[in-house]
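Here is what each chain is made of, one letter per residue.
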Amino acid sequence: MLELRPIRENAGTSLPPQATDAMICRFEGAFCAACATGVPGNACPNGGGGFSPRPARDWRDGNCLTDYPASGRAQRKPVDAAAHRRFAAPIAAVDPQHR
């Protein structure tokens, strides 16, 4: 089950389960669309892959926030812009889904 984390990993501000601009990385890091395309440039600081829209919970067969509540675990890891540029430079030309 996908962990719906409560804050934007970079900005540290609220990212509620129903947020329509929520993005995730392959490590389930939570970002808003602006944070994912800003400094990281769609190269996730957690592993270099791209970001995908965070899916909403379905409402069928008990697969909902009532039965599987959003996480309360806040993970704040601000992106160091200079360090991220050095990290992302070698992979910038590679499509995110191929990294």
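Keep in mind that this is a model prediction, so the values were computed, not measured.

Reading guide: rules and limits
- Positions within a chain are numbered from 1, following the residues in the order the chain's sequence is written.
- Only residues with pLDDT of 70 or above have their local features reported here, since the model is predicted, and side-chain atom pairs are shown and tallied only from 80 upward, although totals for entire chains, interfaces and linings are computed over all residues.
- Side-chain figures throughout are based on the complete set of non-hydrogen atoms in the structure, without hydrogens or water.
- Secondary structure is summarised from DSSP: a helix means a run of H or I of at least four residues, a strand means a run of E of at least two, and numbering begins at the N terminus for each.
- Taken over C-alpha atoms, the radius of gyration is set against a globule rule of 2.2 Å times the number of residues to the power 0.38.
- By definition in these notes, contact holds between two residues if any of their heavy atoms fall within 4.5 Å.
- Per-residue and other accessible areas were derived by the Shrake-Rupley procedure at a 1.4 Å probe size, with only the shown protein chains allowed to occlude residues.
- Pairs were defined over the aromatic rings of Phe, Tyr and Trp, the Trp ring being its six-membered one, requiring ring centres within 6.5 Å. Orientation was assigned from the angle between planes: stacked under 30 degrees, edge-to-face over 60, tilted for the rest.
- Any residue under 20% of the maximum accessible area for its type is buried, any over 50% is exposed, and the rest in between are partly exposed; the area is computed with a 1.4 Å probe on protein chains only.

(A) Inspection of the overall build of the chain at higher detail. A tally of regular secondary structure across the chain gives two helices and three strands. Against the globule reference of 13 Å for 99 residues, the chain gives a C-alpha radius of gyration of 14 Å, in line with a compact fold. Considering only C-alpha atoms, the chain reaches an extent of 45 × 25 × 20 Å along its principal axes. The contacts in the chain between residues at least 6 apart in sequence include a share of 59% that link residues at least 24 apart. Carbon and sulfur atoms form 55% of the exposed surface of the chain, whose accessible area is close to 5800 Å².

(B) Structural view of the packing of aromatic side chains. Tallied over the entire structure, the rule returns one aromatic pair. Look at Phe 31 and Phe 51: their rings are 4.8 Å apart centre to centre, the planes differ by 70°, and that puts the pair in the edge-to-face class. Taken together, the positions of Phe 31 in strand E2 (residues 30–32) and Phe 51 in the loop between helix H1 (33–37) and strand E3 (52–53) put the pair 20 residues apart, joining distant regions of the chain. By relative accessible area, Phe 31 is classed as buried at 0%. Here Phe 51 falls in the buried class, since its relative accessible area comes to 10%.

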